[in-house]
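If you want the building blocks of each chain, they are given just below.
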Amino acid sequence: MTISPYSTITSQPGGPYIRLLHLRPGTDKDAPIEAKLDIVPLHHGHSNFEALSYVWGQELDREGLKLQHPIPGDNGSTESGIGITANLAVALRHLRYPDRTRILWVDAVCINQNDVVEKTSQVSIMNHIYRRAQRVLIWMGPARDRSDWVLAHLNNVYGEERAMQDEKENNTAEGLGTPATKQALLTQPQTFAFAQMLNREWYTRVWIVQELCVAKEAFVICGDSSAPWDAIQTAFKTLDESSDAWQPSSLLNYGITRHRALERLHFLTAAGQYVGLDEALIRCRWFRATCPLDKVYALLGISTRDPGIRPDYAASPETAFKRVMQAMLLRSTVPDLLDFVVSPASVRRNPRLPSWVPDWGPGNVSAQTEVAQTLADAYHLERLLRASDNSNAHDPPLGEFRPRFQRDSPTALIVQAVEAGTIAALSEPIPGPWLGNAYTTEANMEPPAPKENPTLTENLGLLKANWDYFLHNLTHVGTVLRKQVDYAPTMVHVSQLVTFARRQLSPVQNRVDNLTSEGQVTGRIMPLELSNLLTSNARALDTITPTDRLRQEAEHAFDLVLSMTSAFLAPRLYRCLYLHKLLPAFIYHGLIWLTGIFGVFVKRDRTYAQAIGALNILTPWIGMRVAAMDRGAAVGERTRFLCLVPHTATKGDTLVLIAGGRHPYVVRPRLQEVEVDSLSKARWMLIGPCYLSIEDMALLRESWNGQAATDMFIS
């Protein structure tokens with residue numbers, strides 16, 4: 001009879017206990033993997049082990065691991081075989097020493113995955129395990145995409161920086177000058193190879209956040225090569241500060257948004273600063289986990305303040321997410337967490353969740369959805385953080401937030417609220433069309449200078465020089481055209497928003513302004529209320545959205561097309577083709593005039609470039625709709641406002657002001673009612689947040705009457 005390698009460790013006195021894997025030596029990568037399991041107390045000096053951070057891999061692709069382990073109730077030991085994923089098997093073969101045992105903690109082996117009680121207990125102390133380990137080994141997979149080469153370079157750069165830092169400290173202590181610093185830059189091939197590492201599957205797992213943030217020391221391993229995490233971070237800063245960091249190709253293909261979230265939490269925990277579970281959940285919302293419960297449980301260990309949540313793998317995702325949201329709302333002074341109940345249009349929300357509970361489960365979304373939502377979530381997270389510490393004077397709360405939950409039906413959230421209006425009309429959802437192609441760098445070859453009264457030979461030479469210049473710029477011209485195609489939907493959508501706003505606003509409100517490169521307005525294209533709606537909240541937060549770079553590139557492309565057609569290519573091409581000799585003078589000068597007029601006309605209009613400027617201010621609102629909100633009573637001589645609402649909102653939905661909130665919320669009545677003290681009360685479905693411009697919200701705030709607020713049951 002086969003004896004299980006797992007004896008009970010949850011009920012032993014003197015705990016908590018953990019198992020450690022003693023990986024036996026081996027040099028042959030194809031040799032079977034052999035190891036020994038030991039049970040040790042966690043908090044009694046047992047820190048001579050390394051913890052593994054890795055990707056489990058496909059469960060169907062498994063290999064055998066031969067384990068020596070104690071016999072329960074006996075002093076002897078025996079051997080048993082267990083199955084491990086192929087990815088873990090590859091990692092263990094690379095990690096084992098050739099001549100001595102290596103002691104590791106590996107969750108898939110050291111935790112009995114078939115024992116729910118043990119799994120729950122061990123997950124609750126996992127942050128202590130990684131914090132106790134000598135170092136954390138980050139296994140990113142076998143060597144590929146020149147990972148050996150780039151890790152060797154990063155080790156050299158990191159070693160030089162450490163040496164320079166030591167020299168600086170020694171010179172400072174001895175009163176000497178500071179040594180000249182050497183900037184660690186990656187070459188273009190090295191940058192590409194490093195960026196490929198950022199796109200490895202390890203970066204997508206939610207568990208890596210805790211495993212890295214609590215580590216004393218961490219090493220990244222690809223195949224047989226390794227580098228300290230600090231060296232990886234040095235390289236990332238180089239990439240992050242480069243001009244290509246916010247290119248669509250970088251955002252989509254290089255995992256930059258995930259690394260930014262990971263490094264931000266790493267920085268906060270290393271500095272001992274406060275990290276709330278709400279911030280961790282939002283920053284890591286689009287990381288992945290095999291079990292939906294892990295999207296929450298994996299982040300408990302880095303929460304500075306105990307949220308009062310304990311892992312429970314016997315609970316359903318709906319129950320766990322509800323408990324987490326309930327705990328966070330009860331500790332919060334603002335209802336802004338309710339802003340995150342909206343899921344992207346491409347993601348199916350769990351229908352069994354109450355409407356006030358965000359669905360933290362989805363993670364396997366497209367790259368476009370992940371990047372777009374991460375950028376939008378970062379903006380709304382900033383609003384939440386500033387609202388929580390009352391650092392945004394532009395946005396004072398409406399009364400005090402006091403959430404309650406119905407005793408006999410904990411799925412119902414009870415808040416004090418006042419109805420503010422209804423949705424009268426809706427635009428199409430705001431897209432993120434700029435998530436498109438990879439773009440090449442711009443050409444910098446100088447155009448050939450024309451000569452006065454050139455000879456035929458000189459004209460032929462000039463024609464060849466112009467042809468060479470044209471070929472040199474051909475790739476860049478193609479890039480420009482691709483940018484025009486990618487960014488064109490933005491112009492179309494801005495035009496649709498403008499048309500929608502003009503139809504909904506009264507003639508008095510329909511003042512118009514032009515959008516400049518800074519996202520401000522002057523002129524005659526966009527209605528003032530629409531531009532204020534899209535820009536004022538961002539101005540209040542003093543934020544610079546990451547699409548500034550993309551907008552500048554689009555405007556550069558726009559100007560380049562004009563200069564190459566109206567100012568350079570066409571006139572010079574006419575002369576090189578001898579059209580000034582072959583054509584009558586009035587026809588030739590007519591061509592020059594038409595070309596120039598084209599350039600002047602387009603440059604004066606610049607509608608396209610102004611629409612590209614809107615790309616900067618649309619980013620926080622990706623997936624939302626512009627709506628016309630009707631007030632029953634006039635507010636400041638106005639009965640209609642423009643606002644931003646979730647893509648799931650529909651005409652006729654109700655807007656309410658919640659006590660303690662800073663903006664309205666969209667709700668919808670449910671057919672069923674709830675019994676409270678033998679009375680029937682209406683139940684509401686929460687659709688999501690509603691954002692107004694600062695000016696309009698100030699007007700609406702004046703109409704707030706806390707005494708008129710009544711209990712609203714949201715289920």
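Residues numbered from 1 in each chain as written. Predicted model: local features only at pLDDT ≥ 70, side-chain atom pairs only at ≥ 80, totals over all residues. Heavy atoms only, no water.

S.K.: Hey, could you run me through the side chain of Ser 147 in this one?
M.R.: Relative to the helices and strands, Ser 147 is located in helix 5 (residues 147-173). Given the relative accessible area of 1%, Ser 147 is considered buried. Leave out the neighbours within four places in its chain, and Ser 147 touches Arg 200 and Cys 222. (Helix = DSSP H or I, 4+ residues; strand = E, 2+ residues; numbered from the N terminus. Buried < 20%, exposed > 50% of the residue type's maximum accessible area, 1.4 Å probe, protein only. Contact = heavy atoms within 4.5 Å.)

S.K.: What is the right way to look at helix 3 (residues 116-124) in this model?
M.R.: One turn of an α-helix holds 3.6 residues; hence residues three or four places apart share an orientation. Within helix 3, burial applies to Glu 118, Thr 120, Gln 122 and Val 123. For helix 3, the secondary structure elements touched by its buried residues are strand 1 (17-23), helix 2 (107-110), helix 4 (126-132), helix 7 (207-213) and helix 12 (294-297). By the N-cap criterion, in which a side-chain oxygen at the helix start approaches the backbone nitrogen of a residue two or three places on, helix 3 is capped by Asp 115, the distance to Val 117 being 3.1 Å. (Polar contact = N/O pair within 3.5 Å; in protein donor to acceptor, adjacent residues only side chain to side chain.)

S.K.: I keep staring at the environment of Arg 62 and nothing clicks. Help me out?
M.R.: Note on placement: Arg 62 falls in strand 4 (residues 62-70). Residue Arg 62 is classed as partly exposed on the basis of its relative accessible area of 41%. Counting along the chain gives 21 residues from Arg 62 to Gly 83, while the straight-line C-alpha distance between them is 6.0 Å. With sequence-adjacent residues up to four places away left out, Arg 62 is seen in contact with Gly 83, Ile 84, Thr 85 and Ala 86.

S.K.: Sorry, what's going on with the packing of aromatic side chains here?
M.R.: Both the distance between ring centres and the angle between the ring planes are used here to describe each pair of aromatic rings. A complete count under the given rule lists six aromatic pairs for this structure. With a centroid separation of 5.1 Å and an interplanar angle of 80 degrees, the aromatic rings of Trp 202 and Tyr 203 are classed as edge-to-face. The same class applies to Trp 202 and to Tyr 203, which are both buried. Here Trp 356 and Phe 405 contribute two aromatic rings whose centre-to-centre distance is 5.3 Å and whose plane-to-plane angle is 50 degrees, an arrangement assigned as tilted. Within this pair, whereas Trp 356 is found in the loop between helix 13 (317-331) and helix 14 (367-388), its partner Phe 405 is found in strand 10 (residues 404-405), the two being separated by 49 residues in sequence. Here Trp 356 matches Phe 405 in class, with each residue buried. (Phe/Tyr/Trp six-rings, centres within 6.5 Å; stacked < 30°, edge-to-face > 60°.)

S.K.: Just checking my understanding: could you explain the side chain of Gln 210 for this structure?
M.R.: Mapped onto the fold, Gln 210 is located in helix 7. Dropping the residues within four chain positions of it, Gln 210 is found in contact with Met 126, Asn 127, Ala 298, Gly 301 and Ile 302.

S.K.: For this particular structure, what's the right way to read the pattern of salt bridges?
M.R.: Should the charged atoms of two oppositely charged side chains come close, the side chains can pair. With the rule as written, the count across this model stands at 20 salt bridges. Between Glu 50 and Arg 135 there is a salt bridge, with the nearest N and O atoms lying 2.8 Å from each other. Separated by 85 residues along the polypeptide, Glu 50 in strand 3 (residues 50-53) and Arg 135 in strand 7 (residues 135-141) bring together distant segments of the chain. Close ionic contact of Arg 258 with Glu 370 constitutes a salt bridge, the shortest N to O distance being 2.7 Å. (Salt bridge = Lys/Arg side-chain N within 4 Å of Asp/Glu carboxyl O.)

S.K.: Is there a simple way to think about the nonpolar core in this case?
M.R.: Counting 125 residues, the largest nonpolar core has Trp 105, Val 109, Phe 194, Val 209, Trp 229 and Trp 356 as its most contacted members. For this core, the element with the highest residue contribution is helix 13, accounting for seven residues. Every residue in contact with Val 109, bar those within four places of it in the chain, is listed here: Tyr 6, Leu 21, Leu 37, Leu 65, Leu 67, Ile 82, Ile 84 and Leu 88. (Core = buried A, V, L, I, M, F, W, Y, C linked by side-chain atoms within 4.5 Å.)

That is the geometry; function is a separate question.
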